[in-house]
Amino acid sequence: MLKRISTQLTPLQHLMTVTFFMLVACAMTYVIPPMHELRPWIPGEEGVPVVRLFKQWAEIPAFAGHGGSYRTTATTDKASERLADAVGENVAANLGRKPVIKPPPDDALRIDPAEYDGISVRIEDPTGRGMRPFYEALEKTARGEEGAITRIAHYGDSSIATDLITSTVRENLQARFGDAGHGFVLAAKGYIPYKHRGVWQSSNPDSWETREVVRRQDRDGRYGYGGVQSRAMPGAWARVATAKRGDVGTRASRFDIYYEEQPRGGQFSVRLDGEKRQTVSTKADTRGDGVYTVEAPDGPHMIEFRYKRGGPVDFYGVVIERDVPGVVYDSLGLVGARANRLLNFDAAHIESQLLRRKVNLIVLGFGGNEASDDRTEDEFYEDYLAVLERMRQGRDDLGCLVFSPLDQAHRERGRIRTLPTLPLIIEAQRRAAFDAGCAFYDTWQAMGGENAMRRWYKARPRLAMGDFRHATPAGYEIIGNMFYEAILAGFADYLAGDSPSDPGSSGAPASTGSSDGVDSGVPDSGMPSSNADSNTSPKR
């Protein structure tokens, strides 16, 4: 009977019947309480039902800043105004902002307040121990003292591995205080999206094997300064050169090749600018670390190294520097890393690597991957405190700073919302930093705080990727500029003899978020409660 009735319906009648029953089913989700979770739309929710499901297909992310051409500046007054309306004036002002160039020698130590005008979030350093070694070194660099190179080691996850935040800070600091070279790069490129700006690299990747601190692949914990040990196989080669163009990174006067010494070590060859090759043996009585230095007249250069013969040859990386006063900013990105992966370093090994590198400030920029973990604030705190102790090891001559993660968000019923674990992580980082005598920079609040990724994603030019975990190149440029200004502001306070910044006066703007949890659509920087519950799944 039913089959006979169905065959008698016209196509239009059949469609109307199906539509009717679908509408009744939807209506039942609003009437029957146990079915409320299935409601296709609720008042105040963003996006049109059904349509937003298709919209998400357009949000396939380009990983960690790769794959998108978003490095666009708001070149017109109208465009700048639209961007400011979306993300706030303090954020928008840092897109395309150029630093003040190095002042004349007789005015070297004057930091004009205009150089960090509009700063919203400052570096927090209640004890003064976190940044003092760095500022002391930077003061000597600013004075132009002979051999005064200030070195920063910035470790982090995929947001650092693209060298977008760090290249912006590097270029700004070098324009302001002097270019002492690009710094450290891995011997052979690491996993995607590892990339450095302001330097040229090439290798035959199929002839290299890597062991990463993130994956705990070396039983003795010897991963080198950059956290990746690159083993050269027969036929392996790599080339590293100064940048072909740009305001910084185009000159070098020294290349330092970091490698491992070992009883069965083989040999590699080195040559500069196509000249005669030199042979280096990595064989030693015990396992240790070695450095081979190639010096050259200050200018553009390329170095090439190849596996030659014998046993294993393991490289840590190459340092490119100049013998002039200036700043070197090492970008040490570890894709997929959580901060606690740094505990895979052998303590004595990483200590010797940092000492050999003569680092003045170590920056730890993790937390993005941890945002997917279902853990308590105290658990995050214990991890970060242990990492800070492992990396600093009680040294008073090594500055340290915790660089909080970007806003990490997900879609919740069509709305882009900050993950509930993020405030826990940031508060844990702040506590650990202060307890370890380190400084803290709140990247999340600098972006705008709660639900910043929503505003950054909707901004034009777009500042956040569709995965809501990474920024676009334009967004990373903004973050780099804001961090640079925070460094300048702190240095100005140091030069003026001001007391360390109080953690309660970080310069973060007051919250504009509404108490009912509904996003008002304007940038806010309220600090959510650190007791928020996490319902995300662990990804260990």
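For the structure given in this document, a descriptive report is provided here. What you see is a predicted model; the values in this text were computed from it and never measured.

**A look at the nonpolar core**
If you look at the biggest cluster of nonpolar residues, it comprises 75 residues, and the most contacted ones within it are Tyr155, Phe268, Phe305 and Phe315. With eight residues, the single largest contributor to this core is helix α11 (residues 421-435). Setting aside its immediate chain neighbours within four residues, Phe268 contacts Ile257, Tyr259, Gln278, Thr279, Val280, Thr282, Phe305, Arg306, Tyr307, Lys308, Val313 and Phe315. In terms of nonpolar packing, the next biggest core, distinct from the first, is built from 57 residues, Ala92, Val121, Ala142 and Leu361 among them.

**Some points on the sheet that holds strand β18 (residues 439-441)**
Ordered in space as β13-β1-β14-β15-β18, the five strands form an open sheet in which the pairing is parallel. Looking along the sheet, the strands with just one partner apiece sit at the ends: β13 (326-333) and β18. Each strand of the sheet is rotated relative to its neighbour by a mean of 20°, with strand direction disregarded. Pairing of strand β14 (residues 361-365) with strand β15 (residues 399-403), which is carried by four bridges, proceeds in the parallel orientation. Bridge pairing links Val363 to Leu401 in β15. Helix α9 (residues 347-357) contacts β1 (149-156), β13 and β14 of the sheet and is inclined by roughly 145° relative to β1.

**Considerations on a negative patch on the surface**
A surface patch of negative charge is lined by Asp77, Glu81, Asp85 and Glu89. Counting residues per element, the negative patch draws most heavily on helix α4 (residues 77-87), which supplies three residues. Here Asp77 is to be found in helix α4.

**Remarks on the packing of aromatic side chains**
This model, assessed by the stated rule, comprises 17 aromatic pairs. Between Phe134 and Tyr135, the aromatic rings sit 5.5 Å apart at their centres with planes inclined by 50°, giving tilted as the arrangement. Tyr135 sits in the buried class, given a relative accessible area of 7%. Between Tyr155 and Tyr225 the ring centres are 6.3 Å apart and the planes differ by 70°, which places this aromatic pair in the edge-to-face class. You can see Tyr155 sitting in strand β1 and its partner Tyr225 sitting in the loop between β4 (208-212) and β5 (228-232), a full 70 residues away along the chain. Grouped by ring-pair contacts, the aromatic residues Phe134, Tyr135, Phe177, Phe491 and Tyr494 constitute a single cluster. Above the ring of Trp237, the side-chain terminus of Arg239 is found at 4.1 Å from the ring centroid. Over the face of the ring belonging to Trp200 we find Lys244, whose NZ or CZ atom lies 5.6 Å from the ring centre.

The rules behind the values
- Residue positions are counted from 1 within each chain, in the order its sequence is given.
- Where local features are concerned, this predicted model is filtered to residues with pLDDT of at least 70; where side-chain atom pairs are given and counted, the filter is 80 or more; whole-chain, interface and lining totals use all residues.
- Side-chain numbers here rest on the full set of heavy atoms in the structure, without hydrogens or water.
- Within this scheme, the nonpolar core is defined by two criteria: the residues are buried Ala, Val, Leu, Ile, Met, Phe, Trp, Tyr or Cys, and they are joined through side-chain atoms within 4.5 Å.
- Whether a residue is buried, partly exposed or exposed follows from its accessible area with a 1.4 Å probe, protein chains only, as a fraction of its type maximum: under 20%, in between, or over 50%, in that order.
- Only DSSP runs of H or I with at least four residues qualify as helices, and only runs of E with at least two residues qualify as strands; both kinds are numbered from the N terminus onward.
- We call two residues in contact whenever any of their non-hydrogen atoms come within 4.5 Å of each other.
- If DSSP finds at least two bridges between two strands, the strands pair.
- Fitting a line to C-alpha atoms yields each axis, with helices limited to the stretch in contact; the angle taken between N-to-C directions then spans 0 to 180 degrees.
- For patch building, the residue pool is restricted to those with more than 30% relative accessible area and no salt bridge; the joining distance is 9 Å between like charges and 5 Å between nonpolar side chains (Val, Leu, Ile, Met, Phe, Trp, Tyr).
- A 1.4 Å probe and the Shrake-Rupley method give the accessible areas. Residues count as covered only by the protein chains that appear here.
- Only one rule defines a salt bridge in this text: a Lys or Arg side-chain nitrogen within 4 Å of an Asp or Glu carboxyl oxygen.
- Under the counting rule used here, the positive set is Lys and Arg, the negative set is Asp and Glu, and His together with the chain ends is not counted.
- Every charge is mapped onto a representative atom, which is NZ of Lys, CZ of Arg, CG of Asp or CD of Glu.
- By convention, a stacked pair of Phe, Tyr or Trp rings (six-membered ring in the case of Trp) has centres within 6.5 Å and planes under 30 degrees apart, an edge-to-face pair has planes over 60 apart, and any other such pair is tilted.
- Definition used: whenever NZ (Lys) or CZ (Arg) falls within 6 Å of the ring centre and also within 35 degrees of the ring normal, the charge is taken to sit over that ring.

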